[in-house]
Amino acid sequence: MTEVSGADVHSAARRLEACGLNRGAAGNVSARRGAAFLITPSGLEPDACTPDDMVLVDLDGGFAGRLKPSSEWRIHRDIYRARPEAGAVVHTHAPFATALACVGADIPPFHYMIARFGGATVRCARYATFGEQALSDSVIEALDGRCACLMANHGMLVFGHDLAQAVALAVEFETLCEQYWRALQIGTPRLIDDAEMARVLVKFGSYGQ
């Protein structure tokens, strides 16, 4: 397997912006690299960066170089520590996900594709100040058994096996958030019952190629 590069992480960040999931310097992307991870730098939009600007951070939080890592590096580090299947992490301020996060509620099983993210709901992590350990702790709790969560009054986060999957899941998740938001404008969505969601979750165990 080819080792992930700064170009890979930079390309993923630009892809998220092109898809409308981030604007300006909002959000962050990382990918596992051995016993460390590469992450986008703090406060710089993708077009103001080069692949060499991606920051290598070890799992103890140490980093070197002229740029600081994203202020949310703790979340990325803690996911890589807690979830060995995570190869890449995406955090965005995507419009619909962020709007729902500002309501502070979990997303219920209004659509069977909720199961794509590991459970019958997508949880909303408790609010904490950005860049602090309390926020990372909240996110790790919300991700238990899941690969996506909302972050109250903040945005959304997903992880995948690699950068391509993480970006694809972020796009899928924002699409679901938009669908849920639109359904709420019409009325109260009809929810799928627990038994059916359990069947869907089993089917997702062998979903894809």
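One can find the structure itself at the top, above this paragraph.
Summary of the structure given here. All figures in this text were calculated on a predicted structure; none of them were measured in a lab.

## With respect to the environment of Tyr80
When you line up the elements, Tyr80 lands in helix α2 (residues 73–82). Owing to a relative accessible area of 3%, Tyr80 belongs among the buried residues under this scheme. Tyr80 sits 24 residues away from Gly104 along the chain, and the two C-alpha atoms are 25 Å apart. Excluding residues that lie within four positions of it along the chain, Tyr80 makes contacts with Ser30, Ala31, Arg32, Phe37, Leu59, Ala86, Gly87, Ala88 and Val89. Polar contacts involving the side chain of Tyr80 include one to the main-chain amide nitrogen of Val89, which spans 3.4 Å.

## With respect to the environment of Gly131
When you line up the elements, Gly131 lands in the loop between β5 (124–125) and α4 (133–142). The buried category is assigned to Gly131, whose relative accessible area is 14%. Setting aside chain neighbours within four positions, we find Gly131 in contact with Ser71, Glu72 and Arg74.

## Considering the sheet that holds strand β4 (residues 88–92)
The seven strands are arranged β3-β2-β1-β4-β7-β6-β5 in an open sheet whose pairing can be described as mixed. One side of each edge strand has no neighbouring strand; the edge strands of this open sheet are β3 (55–58) and β5. Along the sheet face, helix α3 (residues 95–103) touches β5, β6 (148–151) and β7 (155–160) and points at about 60 degrees away from the line of β6. Helix α5 (residues 163–186) rests against β1 (28–33), β4, β6 and β7 of the sheet, and its axis sits at about 140 degrees to β7.

Calculation criteria
Residues numbered from 1 in each chain as written. Predicted model: local features only at pLDDT ≥ 70, side-chain atom pairs only at ≥ 80, totals over all residues. Heavy atoms only, no water. Helix = DSSP H or I, 4+ residues; strand = E, 2+ residues; numbered from the N terminus. Buried < 20%, exposed > 50% of the residue type's maximum accessible area, 1.4 Å probe, protein only. Contact = heavy atoms within 4.5 Å. Polar contact = N/O pair within 3.5 Å; in protein donor to acceptor, adjacent residues only side chain to side chain. Pairing = 2+ DSSP bridges. Axes fitted to C-alpha atoms, helices over the stretch in contact; angles between N-to-C directions.

Nothing here speaks to function; it is geometry throughout.
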